[in-house]
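The primary structure of each chain is shown beneath.
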Amino acid sequence: MDAIEVIDLTKRFGDNIAVNGIRFRVREGETFGFLGPNGAGKTTTIRMLTGMTGITSGRALIHGHDIVRDTLAAKRLMGIVSETSNVYDELSAWDNLVFTGRLYHLGKAEIRRNARDLLETFGLYGRRHEPAEGFSKGMKRRLTLAMGLVNSPGVLFLDEPTSGLDVQSRRLIRDVVQDLARENVTIFLTTHDIEEANVTCDRVAIINQGTIAAIDAPEKLKQTFESLQSVEVSFDSARPGLLEALRTLPQVNAVQKEGDKFRLYTADPPEVLGSLCAFAKEQNLRPISITTRGPSLEEVFIRLTGLSVGTKKEAGEADAGLV
Amino acid sequence: MPGWFEQISCDLGAAWAIARKDMKIYYIKPSILVSSLLFPFVMFLAFAIGRNAPAGTLLPGLLAITLLFSASSIEPVSIPIERRTKTFDRLLAAPVSVRAIVLGASLSGAVFASAIGIATTAIGLVAFRTGIIHIVALLAGLALTSLCFSTMGTLFAAYRTENVGEVMSLLNLVRLPLLFISGVFIPLASMPAWGQTIALLSPLTYAHDLILFAFDGTTLFGPVADTAVLVLATVLFQAVGALLYRRSRE
Ligand SMILES: Nc1ncnc2c1ncn2[C@@H]1O[C@H](COP(=O)(O)OP(=O)(O)OP(=O)(O)O)[C@@H](O)[C@H]1O
Ligand SMILES: [Mg+2]
């Protein structure tokens, strides 16, 4: 049985369709990433899957339990880490965990044991009696995570677990998530951080404006975008008109200037390498470095979501003639 | 059936956990405790000044008002705040029924108001040298009135807003008129017929009647009827509360 099964799930807020008929399955023990720009519907999806908000139409099953009809059974199986670190500021770290344990109907001994272990894991044990009010952002985030794990959930929902954290906290959270995945906990995580999705997720869904644009393993997503392969070259001297000249090379779909480098997008990197060398000789230019690169998940993402933000604008325009 | 029994015991456990959490965060605070104890004192002055009724006869009315206000004042503040800080989401996401959430929120207010009511009674007894005739009626009156009005406060907080003022003004729209139509300020006997009819709809009327009976034995409806109405009103508020909270999830 799948850990999460989502069938034509839709959520409307008045006229605004936040999530539009999405469907996917997450296997038990899988780490599933939900990647999308701001306002794509990631949080709304998590809120529906966890029963925090109603469903307009469609269904969601957690280990076969319908989140609407069999709410309590489904909720018992899951842990939730919300987008905002929603801890009770007035309560100590310890009391926050104890209260959460009670909400999940755990026994006294189990609560104490889990609370101690989690506070130690997240480096908060020494400050367990302090009110959370005085905690830094990273500490509150870690406490939120500990609270999400107090009932030893089989399915863990993480809404942007590491956004805005320093490298150390990020690392810690990533390690904990990977350990859980090894213990066969199913993890559903949303993120903007493409690299995070790339290294932690077995599969990624890319969601945009409430619909899923693609679902696959990160590497496979990259492969489907062969035309996003590129050759990156840097010459010993800059010269006006170089960008335009590079664009005319055969098999080159688009060229983008990135600092002192040029990136030539192509479906056929070896061919472009050849013509690039000939071009350099002809123009009397010396390439300092040449690298070929597969498509990055970021490029796949931008392609799928049709996004071209800020400095990426030029690339977006160049991309227009790409497919 | 064990499944059914287990669900009830889980709900009660969770409700109690929520009540304890609320008491810890919102009630056991010096400022809240002091202002709650000061309230009946100020009310007493407002009542007593310029009247020549013996001070002791004011105690039951005073107690009824104190219970009404202390029971219904915190949840309408705490719930919008928890919506804003998103901690309310924790309750919605937990394997806890909406009934248990409403009961838990109401219980904390009820325990708090009962404690304030007992303190007010103790001070009143010493200050006015009055006595209690029916201690059981008094305890029942304190507990039921507290739970009834804390449930009313919780019910108003179902109005989905993160703004405390909105809930409070809605609540006061109901709470303040209750004072005048429940026989606390104006005896029922001296009200016009339409006033008496409305008074019959107010739980505060029965709360006041029950407390009055406990102190001096006079009663309009009898302690059993008073108790029954308070229990019914509480059950009704709990049920409507659960319905509204279920609806108020977007
Ligand atoms: N309570 C609400 N009322 C009305 N509209 C809402 C509500 N919550 C979300 N929306 C709308 O639903 C859409 C999706 O929002 P959502 O919070 O799910 O996005 P997200 O993918 O989590 O974005 P972010 O990356 O910024 O967190 C947005 O258009 C948002 O305005
Ligand atoms: Mg979000």
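Please refer to the structure placed before this passage.
Report follows, based on the coordinates. If you're wondering where the values come from, they're calculated on a predicted model, not measured in any experiment.

Looking only at helices and strands, chain A has 12 helices and 14 strands in total. Dimensions of chain A along its principal axes, counting C-alpha atoms only, are 80 × 45 × 35 Å. Expressed as a percentage of the 323 residues in chain A, the buried residues total 51%. Contacts spanning at least 24 positions in sequence make up 67% of the contacts within chain A whose residues lie at least 6 apart. Separation of charge centres in chain A, based on 40 positive and 43 negative side chains, amounts to 4 Å.

All names here are of chain A. The full count for this structure, using the stated rule, is 19 salt bridges over all chains. Asp8 serves as the salt-bridge partner of Arg23, at 3.0 Å between the closest nitrogen and oxygen. Taken as a pair, Arg23 in strand E2 (residues 16-26) and Asp8 in strand E1 (residues 4-13) lie far apart in primary sequence, 15 residues in all. Residue Asp89 pairs with Lys140 through a salt bridge whose shortest N-O separation is 3.2 Å. Of the two residues, Asp89 is situated in the loop between strand E6 (78-81) and helix H3 (93-103) and Lys140 in helix H5 (residues 137-149); the sequence distance between them amounts to 51 residues. For Asp89, a relative accessible area of 26% translates into the label partly exposed. Connected through shared salt-bridge partners, Asp2, Glu5 and Arg25 make up one network.

Of the residues lining the interface, 26 residues belong to chain A; the matching set on chain B comes to 25 residues. Here Arg47 of chain A makes a salt bridge to Asp89 of chain B, at a shortest N to O gap of 2.8 Å. Taken together, the connections running from chain A to chain B amount to 7 residue pairs in polar contact (both at pLDDT 80 or more). Counting residues per element, the side of chain A that touches chain B draws most heavily on H3 of chain A, which supplies 4 residues. Split into classes, the residues belonging to the side of chain A that touches chain B amount to 11 nonpolar, 8 polar and 7 charged.

Glancing now at the site of ligand 1. Residues and elements named next belong to chain A. Near ligand 1 you find 14 residues, and of these Gly39, Lys42, Thr43, Thr44 and Glu83 are the closest. Take Thr44: an N or O atom from its side chain is 2.5 Å from an oxygen atom of ligand 1. Protein chains shield 64% of the accessible area of ligand 1, which is 640 Å² for the free molecule. Of all the secondary-structure elements, those providing two or more residues to the shell around ligand 1 are E2 and helix H1 (42-49). Broken down by element, the residue count for the shell around ligand 1 peaks at 3 residues, all from H1. Grouping the amino acids of the shell around ligand 1 by side-chain chemistry returns 4 nonpolar, 7 polar and 3 charged.

Moving on, we come to the coordination of the magnesium ion (ligand 2). All names here are of chain A. The coordination sphere of the magnesium ion (ligand 2), as far as protein atoms go, consists of Thr43 (OG1) and Glu83 (OE), spread over 1.9 to 2.2 Å. Pair noted here: Thr43 is in helix H1 and Glu83 is in the loop between E6 and H3, with a separation of 40 residues, a long-range link. Judged by its relative accessible area of 22%, Thr43 falls in the partly exposed class. Under the relative-accessibility criterion, Glu83 is labelled partly exposed at 41%.

Looking now at the pairing of E6 of chain A. All names here are of chain A. Side chains of E6 alternate between two faces, with Met78 and Ile80 and Gly79 and Val81 buried alike. Relative to strand E7 (residues 155-159), E6 runs parallel, the two sharing 4 bridges. Of the residues in E7, the one forming a bridge with Val81 is Leu158.

All names here are of chain B. Direction vectors running N to C along helix H3 (residues 59-71) and helix H6 (residues 98-128) enclose 155 degrees, while the axes themselves pass 9 Å from each other. Looking at the two axes, H3 sits roughly antiparallel to H6. Of the two possible hands of crossing, H3 and H6 adopt the one that is right-handed. Along the contact surface, H3 presents Leu59, Leu63, Thr66, Leu67, Ser70 and Ala71, while H6 presents Gly109, Phe112, Ala113, Ile116, Gly117, Thr120, Thr121, Gly124, Leu125 and Phe128. Residues belonging to the contact of H3 with H6 are distributed by class as follows: 9 nonpolar, 7 polar and no charged.

Parameters and conventions
- Residues numbered from 1 in each chain as written.
- Chains lettered and ligands numbered in written order.
- Predicted model: local features only at pLDDT ≥ 70, side-chain atom pairs only at ≥ 80, totals over all residues.
- Heavy atoms only, no water.
- Helix = DSSP H or I, 4+ residues; strand = E, 2+ residues; numbered from the N terminus.
- Buried < 20%, exposed > 50% of the residue type's maximum accessible area, 1.4 Å probe, protein only.
- Contact = heavy atoms within 4.5 Å.
- Lys, Arg positive; Asp, Glu negative; His and termini not counted.
- Charge placed at Lys NZ, Arg CZ, Asp CG, Glu CD.
- Salt bridge = Lys/Arg side-chain N within 4 Å of Asp/Glu carboxyl O.
- Polar contact = N/O pair within 3.5 Å; in protein donor to acceptor, adjacent residues only side chain to side chain.
- Nonpolar A, V, L, I, M, F, W, Y, C, P; charged D, E, K, R; others polar.
- Near = heavy atom within 4 Å.
- Areas by Shrake-Rupley, 256 points an atom, 1.4 Å probe, with all protein chains shown as cover.
- Donors = N, O, S within 2.8 Å, 3.2 Å for Na, K, Ca; no water.
- Pairing = 2+ DSSP bridges.
- Axes fitted to C-alpha atoms, helices over the stretch in contact; angles between N-to-C directions.
- Parallel < 35°, antiparallel > 145°, perpendicular 65-115°, else oblique.
- Left-handed = near helix turned anticlockwise from the far one by under 90°.

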